[in-house]
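Listed below are the residues making up each chain.
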Amino acid sequence: MNFPMFHLDWLNDRFLIAMIAILHVFINHGLAVGFIPYITRLEQQGVSRSASNQITDLEWDAMVHKMMKVGFIITTTLGAMTGVGIWLSVSIVSPASISSLIRVFYWAWFTEWLVFVTEVVLILIYFLTWKNSNKTLKSKLLHIRFGWFLSIFSWITMAIIVSILSFMMDPGNWNTHHSLLNGYTNPIYLPQLCFRTPTAMLVAGVFGYLLTTIFTKKNTLIRERAVKQSAIWVLCWAPLSLAGAIVYYRVLPQAMLDNLSTAVGTLQFAQYYETLKYFIIGAISTVLVIGLFGYFNPKKVRLGMVLIPCLFAFGFLGIFERVREFIRKPYVIAGYMYSNLLRVEDYPLYKRDGILKYATYNSTPVITETNKVEAGRNVFILACSRCHTTQGINSIVGVFENMYGAGKPFDESSIAVFTKNMHNGRTFMPEFPGNDKELAALAAYIKHLQQTGDVIEGAQNEGVTINPLQSSDAVVQLMADQEKAAADSAAKTNSAASK
Amino acid sequence: MFNIFNVLLQITPVPRNIPLPLPLPEWLLVFLLVFSFLLHIIFVNLMIGGTVLTLWCQIKGLKDKDYHNLAHEISRTITVNKSLAVVLGIAPLLSISTLYALYFYSATSLTGGMWIAIIPLVTVAFLLTYLNKYTWKVLDSNKPLSIAIIAAATLLFLFIPLIFLVNVNLMLFPEKWGLIKGFFSALLLPNVLPRYFHFLCASMAVTGLFIFWYFGRKSYPFEEYFERLTRYDIQKKAYSLTLAASVAQFIIGPLVMLTLPTKGFNWSLILIILAGAAIALPAMWWIWKSITGAPEDIAKHFWKVVAALSITVIFMGSGRHVYRATALAPHQKLVEIQSAEFERLSKEAREHPTEEKVELKLDTSLGNVAKGAAIFQQNCSSCHKKDEKLVGPPMTEMVSIYKNNPDGLKAWIKKPGKKREGYPQMPTLTQLTDDDRNELAKYILSIK
């Protein structure tokens, strides 16, 4: 409404964010939060198992260092950049929501940043001082202690971010509290942390397991030992991760739970919702199987066998992230702002005057018979385009064809009637914000889309048209009107007084 | 009265502000923004300057072993500096998103494709610097490949700052937003390139000082890496780089001032910039004395030079902010007026919502089910048809279920459940009254 509308008309804007965010969670949980304690434990074992005249088992230490190098390179490149990427993508897709959240969560994010800077510095020190610390036992033990310290730090970073996430997921609290402390006390915080902590350990363990099969040779003693250690790690965390998943799932507020089936995907996925449960059980079981196999039969473990549980474990985490991201609907900030970036409290105004009048960027502030389709396009961009594309992923033509039948010509009035009432039944959809004229224009545009296969290029390609009603000229006019009104009422009071 | 708005003669959008209070006093946010930005940009300078120098030394290293080793030593610093550059970038991004959300996010939306491309571009550039560092020994026999890797990283690092610059520039000029069609058209605004060269020269100057310090440290095992080059050689070259880049700034700086639109100028800006430039002069004199003086005295003035140039950087960073604040002030005033008016209208509409009178179109020929038919048409017909499945089941099916049980049908409409596989759940139609449901049931069950 107040920002140029960036739009990816095939990929879908939301998908861009989801893609970057899920990749980031994979790396953050799997290669930082869970991975550092996993690596530190292995490093420590190198020392405790070495001969008494050695500082550490050098072959073992070199293997652990190599594994850490993989973690280090990925976290400081893709990991760091996807973290920034979540922000950059949200800020172009959803600028109104992120800038509102920043005003409330400034301190949370600032603290998060300080912790994050420290974490990066600590990771740099931990990795870059590794080889030097191998010179004396004292410095090696210090290095290991440093590793544990870093593990705690990474966990704290996650704990802070989870607080922000839980706050945003707790409907209603935004309006009543507007404060961060609420993030820690709200009922979803601890369960979410209970899920994320063991799951991070689990994912990291499976990934480390995979790396041990890459960095050691078949039929060597070192592989046998490394595989067995990873198996123990995975076996310890898998039941906790499952328990955490169940606890987390149970406390999701009822309103969001109702949406859970649509959260997994679009409407046609609703019936596959059941499979989510099986996927969770399946993922944990495959991890358990490879864990048990590695524990009892470490010699026979091969790269390919670990690859599948590893992919499953990441998938398990990914599905939960996707669900978390989608169950916020129809809000982007619970109770305050809908996912179309319009404030709940402005709806009466939009319903009365329409949204086009108040949108800073649109070519049709007033709808006429000749600009109906173009106005519909503008309404679509403002009210629908954060979640729907024209012809791509979750396309508007697609969702209506799912209802009315593929290829059947749309009926404008049916679409208009449906759109007006959809929020009553499709509780994940925000109410249509505009007036009836805009609704009719939108329906005409949707029909036009079906007929022509038109697409929208987004403000990043086609630029913007400035609404003359929201230009500097209009504000200057407004100021003149306000002055005149003030002068008139003053004159009235004067004349009344003189009478 | 309207004088202050004269600068806004072009058609300028006036969006509304974020209707929530700032989390901190404005002056504190401004301080955090300027301070954290300078911290960030210094590491960005080191990352870019370091990469350029690595490439240059690697090329020279084809013939000279010492330069080959120098390249490796510099490249080892890039990967640390780049990590700090990224994390230190978060704080200024957070602060600008608080103070200037409207302007900054409008600019990034208008150049969104390239803005989001920052993520893959920087990731690839980072991976290339690691690749160069960790394949150093492996590629000893294939130096051209090694050079190609660092050259690719250098090109990326030289391009990426342009994306940021285009946006911090575009955000200053709402009057241009209507004319911009994507990143490249915003790149063509007249002041982007001078600012870019200003930034590149700063990068080289800062990197020169860093190299001077890094190779001058007593703990640095210099003799382990170099045969012919001495500490003095490298420090002299580093100082010369800083000096040359600083001299160039005296040409590029005025060019930046000339190409910036005048709307952000005032006397305090001019004073700040001139003071900053003046403080750089003694630093440049000390550098000159050091590189022309005795070799053992080269480090004599170093910390004075660093101190003077740091003050210059702080002045320039502050000047940059003063320009931004001055340039946007009149527009921000319009935004405030616009926002207040909108809040007033929104409040008014909230307090007096327009009654949505639903005019039912009655078809009198239908007799006593006419009202039910009209209600059906308005609320149900987008999903239900007479005798075929649309979104939900056909009416004929409802009749077969509820033929002798109108209360069951009414109860279902009041609180729909989910029965069938392959059908979405029916919405609860909260707008219906008991009377509406009576009429509806009457109509539906009259269907044959």
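Residues numbered from 1 in each chain as written. Chains lettered and ligands numbered in written order. Predicted model: local features only at pLDDT ≥ 70, side-chain atom pairs only at ≥ 80, totals over all residues. Heavy atoms only, no water.

### Describing the overall build of chain A
When helices and strands are tallied, chain A shows 20 helices and two strands. A buried classification covers 59% of the 499 residues belonging to chain A. Pairs at least 24 residues apart make up 76% of the contacts formed inside chain A by residues separated by at least 6 positions. Summing over all exposed atoms, chain A offers an accessible surface of approximately 19,800 Å²; the carbon and sulfur share of this is 65%. (Helix = DSSP H or I, 4+ residues; strand = E, 2+ residues; numbered from the N terminus. Buried < 20%, exposed > 50% of the residue type's maximum accessible area, 1.4 Å probe, protein only. Contact = heavy atoms within 4.5 Å. Areas by Shrake-Rupley, 256 points an atom, 1.4 Å probe, with all protein chains shown as cover.)

### Quick look at the overall build of chain B
Within chain B, the secondary structure is distributed over 16 helices and zero strands. Since a compact globule built from 448 residues should have a radius of gyration of about 22 Å, the 34 Å found for chain B marks it as more spread out than a globular shape. The principal-axis extents of the C-alpha atoms in chain B amount to approximately 110 × 65 × 35 Å. Going through the 448 residues of chain B one by one, you find that 53% of them count as buried. In chain B, the share of contacts with a sequence separation of at least 24, taken over all contacts with a separation of at least 6, comes to 75%. Accessible surface computed for chain B: about 20,900 Å², of which carbon and sulfur atoms make up 66%. On chain B, the mean spot of the 44 positive side-chain charges and the mean spot of the 30 negative ones are 5 Å from each other. (Rg over C-alpha atoms; globule rule 2.2 N^0.38 Å. Lys, Arg positive; Asp, Glu negative; His and termini not counted. Charge placed at Lys NZ, Arg CZ, Asp CG, Glu CD.)

### Some details on helix H15 (residues 406-414) of chain B
Quick reminder: α-helices carry 3.6 residues per turn. Residues three or four places apart thus point the same way. Residues and elements named next belong to chain B. Among the residues of H15, Gly408, Leu409 and Ile413 are the ones counted as buried. Buried residues of H15 fall within an arc of 135° about the axis and therefore sit on the same side. For H15, the secondary structure elements touched by its buried residues are helix H14 (395-402) and helix H16 (434-445). (Arc of directions from axis to C-beta.)

### With respect to the confidence of the model for chain B
All names here are of chain B. On average, residues of chain B carry a pLDDT of 91, and 94% of them reach 70 or more. Mean pLDDT values over the elements of chain B span from 83, in helix H13 (residues 370-379), up to 97, in helix H3 (residues 101-110). A low-confidence stretch, residues 1-9 stays under pLDDT 50, and its non-local contacts, those more than four residues away or across chains, total 16 contacts. (pLDDT = per-residue confidence, 0-100.)

### Considering the domain arrangement of chain B
Assigned domains within chain B: domain 1 (20-189) and domain 2 (364-445). One C-alpha centre belongs to domain 1 of chain B, the other to domain 2 of chain B, and the line joining them spans 61 Å. (Domains from an automatic or database assignment.)

### Concerning unusual backbone geometry
With a phi angle near 75°, Leu341 of chain A is a residue other than glycine that sits in the positive phi range. Along the chain, the position of Leu341 of chain A falls in the loop between strand S2 (337-338) and helix H14 (347-353).

### Focus on the interface of chain B and chain A
With 89 residues of chain B at the contact, the number on the chain A side is 84 residues. Across the interface of chain B and chain A, roughly 7,700 Å² is buried in total on both sides, 68% from carbon and sulfur atoms. Considering only the surface of chain B that becomes buried against chain A, Leu20, Leu94 and Tyr105 of chain B emerge as the three largest contributors, covering 9% of it. At the surface where chain B touches chain A, the tally comes to three salt bridges. Measuring nitrogen to oxygen at the nearest pair gives 2.8 Å for the salt bridge that ties Arg343 of chain A to Glu343 of chain B. Of all the secondary structure elements, the ones that give two or more residues to the side of chain B that touches chain A are helix H1 (26-60), helix H2 (65-99), H3, helix H4 (112-134), helix H12 (302-351) and H13 of chain B. Counting residues per element, the side of chain B that touches chain A draws most heavily on H2 of chain B, at 14 residues. (Buried area = accessible area lost by both parts, 1.4 Å probe. Salt bridge = Lys/Arg side-chain N within 4 Å of Asp/Glu carboxyl O.)

### A closer look at the side chain of Asp13 of chain A
Residues and elements named next belong to chain A. Note that Asp13 resides in helix H1 (residues 13-33). Polar side-chain contacts of Asp13 include one of 2.7 Å to the backbone nitrogen of Leu8. Asp13 has contacts with Phe6, His7, Leu8, Val93, Ser385 and Arg386, leaving out every residue within four places of it along the chain. (Polar contact = N/O pair within 3.5 Å; in protein donor to acceptor, adjacent residues only side chain to side chain.)

### Digging into the packing of aromatic side chains
All names here are of chain A. The final tally for this structure, using the stated rule, is 53 aromatic pairs over all chains. Each ring, one from Phe72 and one from Phe127, has its centre 4.3 Å from the other, and the planes form 20°; the classification is stacked. Placement of the pair is Phe72 in helix H3 (residues 58-93) and Phe127 in helix H4 (residues 95-128), with a sequence separation of 55 residues. Judged by its relative accessible area of 2%, Phe72 is buried. (Phe/Tyr/Trp six-rings, centres within 6.5 Å; stacked < 30°, edge-to-face > 60°.)

### Side note on the pattern of salt bridges
Pairing between side chains of opposite charge can happen when the charged atoms of each approach one another. Taken as a whole and judged by the stated rule, the model has 26 salt bridges over all chains. Here Asp57 of chain A and Arg225 of chain A are joined by a salt bridge, their closest N and O atoms 3.3 Å apart. Residue Asp57 of chain A is located in the loop between helix H2 (35-48) and H3, and its partner Arg225 of chain A is located in helix H10 (residues 221-251); the two are separated by 168 residues in the primary sequence. Accessibility expressed as a relative area gives 21% for Arg225 of chain A, which makes it partly exposed. In this structure, the salt-bridge partner of Glu431 of chain A is Lys351 of chain A, at a minimum N-O distance of 2.4 Å. Of this pair, Glu431 of chain A sits in the loop between helix H17 (412-425) and helix H18 (436-452) while Lys351 of chain A sits in helix H14, and the two are 80 residues apart along the sequence. Bridged by salt links that share partners, the residues Arg352, Asp353 and Lys357 of chain A together with Glu341, Arg344 and Glu348 of chain B form one connected network.

### Details of the nonpolar core
Among the nonpolar cores identified, the biggest contains 180 residues, and Ile39 of chain A together with Met171 of chain B are the most heavily contacted of them. Of all the elements, H4 of chain A adds the most residues to this core, at 19 residues. Residues within four places of Met171 of chain B in sequence aside, it is in contact with Ile96, Tyr100, Tyr103, Phe104, Ala107, Trp177, Arg324 and Leu328 of chain B. Core analysis: the second largest hydrophobic core is formed by 44 residues, Tyr358, Ile367, Val379 and Tyr445 of chain A among them. (Core = buried A, V, L, I, M, F, W, Y, C linked by side-chain atoms within 4.5 Å.)

### Regarding the packing of H2 of chain B against helix H8 (residues 192-216) of chain B
All names here are of chain B. Between H2 and H8, whose axes approach to 12 Å, the crossing angle comes to 110°. Considered as vectors, H2 and H8 are oriented roughly perpendicular to each other. The crossing of H2 and H8 is right-handed. Where H2 abuts H8, its residues Leu70, Glu73, Ile74, Thr77 and Asn81 lie against Phe210, Ile211, Tyr214 and Phe215. Across the contact of H2 with H8, the residue classes tally to six nonpolar, two polar and one charged. (Axes fitted to C-alpha atoms, helices over the stretch in contact; angles between N-to-C directions. Parallel < 35°, antiparallel > 145°, perpendicular 65-115°, else oblique. Left-handed = near helix turned anticlockwise from the far one by under 90°. Nonpolar A, V, L, I, M, F, W, Y, C, P; charged D, E, K, R; others polar.)

### Looking at H2 of chain B
All names here are of chain B. An ideal rise of 1.5 Å per residue puts 51 Å on 35 residues; H2 measures up with 51 Å between its terminal C-alpha atoms. For H2, a buried count of 31 out of 35 residues is recorded, marking the element as mostly surrounded by other parts of the structure. Where H2 begins, the side chain of Asp64 points an oxygen toward the backbone nitrogen of Asp66, at a separation of 3.0 Å. (Expected span 1.5 Å × (residues − 1).)

### Regarding the environment of Val475 of chain A
Mapped onto the secondary structure, Val475 of chain A falls in helix H20 (residues 472-498). For Val475 of chain A, the residues in contact, after removing those within four places along its chain, are Val14, Leu334, Ile337 and Gln338 of chain B.

### Some details on the side chain of Asp61 of chain A
Residue position: Asp61 of chain A is located in helix H3. Setting aside residues up to four positions removed in sequence, Asp61 of chain A forms contacts with Glu43, Thr56, Trp130, Asn134 and Lys140 of chain A.

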